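Each chain, letter by letter, is given below.
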Amino acid sequence: MEEQDGPGRELNAYERVLAEGRRVVREMFRVSIGGAHAGLVIAVFIVAFFAAVGGAAWALCVGGAVACSFTVALVAVVGGGRRGRAAVTRAYLLTFGWAGWL
């Protein structure tokens with residue numbers, strides 16, 4: 001009997017355990033667009049809070065940090081091969097999707 005390679009072959013016990021572990025990690029770190037919207041709202045409130053308490057200079061610093069993180073995420077996503085709206089959506093999820101875990 002010949003061993004079969006590729007997606008059609010049956011996994012052995014070790015590979016099944018690894019696949020289940022990867023599935024659990026993917027589920028744990030999954031982000032949604034709703035969570036990203038919530039993250040954006042929280043970030044806007046934080047920038048507004050810094051504007052009210054610390055003044056415009058602090059608000060610009062915090063807002064600039066958020067914009068910088070989005071830009072870095074967008075550059076990373078474009079470097080990974082995504083383009084256009086898909087790249088912007090993925091960068092948005094990477095920047096603000098953390099709120100879905102709250």
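Residues numbered from 1 in each chain as written. Predicted model: local features only at pLDDT ≥ 70, side-chain atom pairs only at ≥ 80, totals over all residues. Heavy atoms only, no water.

## Comments concerning the confidence of the model for the protein
Let me state the cut-off plainly: Residue-level confidence of the predictor is what pLDDT reports, using numbers from 0 through 100. Here a strand is any run of E in DSSP of at least two residues, a helix any run of H or I of at least four, and the numbering for each starts at the N terminus.
A residue-level look at the protein finds 93% of positions with pLDDT of 70 or above and a mean pLDDT of 89. No element of the protein has a lower mean pLDDT than helix α1 (residues 13-28), which averages 86, and none a higher one than helix α3 (residues 56-79), which averages 95.

## Concerning the packing of aromatic side chains
Here is the rule: A pair of Phe, Tyr and Trp rings is counted when the ring centres sit within 6.5 Å of each other, with Trp represented by its six-membered ring. The angle between the planes then sorts it: under 30 degrees is stacked, over 60 is edge-to-face, the rest tilted. The buried label goes to any residue with under 20% of its type's maximum accessible area, the exposed label to any with over 50%, and the partly exposed label to all in between, with areas taken from a 1.4 Å probe on protein chains only.
Summed over the entire model, instances satisfying the criterion amount to two aromatic pairs. Consider the rings of Phe 49 and Phe 50, whose centres lie 6.0 Å apart with planes at 85°: the pair is edge-to-face. Judged by its relative accessible area of 52%, Phe 49 is exposed.

## Notes on a nonpolar patch on the surface
Applicable threshold: The patch calculation keeps residues exceeding 30% relative accessible area without a salt bridge and links them within 9 Å when they carry like charges or within 5 Å when they are nonpolar (Val, Leu, Ile, Met, Phe, Trp, Tyr). Only the protein chains shown count as cover for residues, and all accessible areas are computed by the Shrake-Rupley method using a 1.4 Å probe. In what follows, salt bridge is the name for a side-chain nitrogen of Lys or Arg lying within 4 Å of a carboxyl oxygen of Asp or Glu.
Together, Val 25, Met 28, Phe 29, Trp 98, Trp 101 and Leu 102 line one region of the surface with nonpolar side chains, adding up to about 680 Å² of accessible area. Relative to the helices and strands, Met 28 is located in helix α1.

## Considerations on the side chain of Thr 95
Applied cut-off: Note on definitions: a residue-residue contact is assigned when non-hydrogen atoms from the two residues lie within 4.5 Å.
Relative to the assigned elements, Thr 95 resides in helix α4 (residues 84-96). Thr 95 sits in the buried class, given a relative accessible area of 10%. The contacts of Thr 95, once residues within four sequence positions are left out, are Val 66, Ser 69, Phe 70 and Ala 73.

## Points about the nonpolar core
To be explicit about the condition: Residues belong to a common nonpolar core when they are buried Ala, Val, Leu, Ile, Met, Phe, Trp, Tyr or Cys residues joined through side-chain atoms within 4.5 Å.
Membership of the largest hydrophobic core is limited to five residues, which are Ala 36, Ala 43, Tyr 92, Leu 93 and Phe 96. Breaking this core down by element, the ones donating at least two residues are α2 (33-54) and α4. Here this core takes three residues from α4, the largest share from any one element. Ignoring any residue separated from it by four or fewer positions in sequence, one finds Tyr 92 in contact with Ile 33, Ala 36, His 37, Leu 40, Phe 70 and Gly 97.

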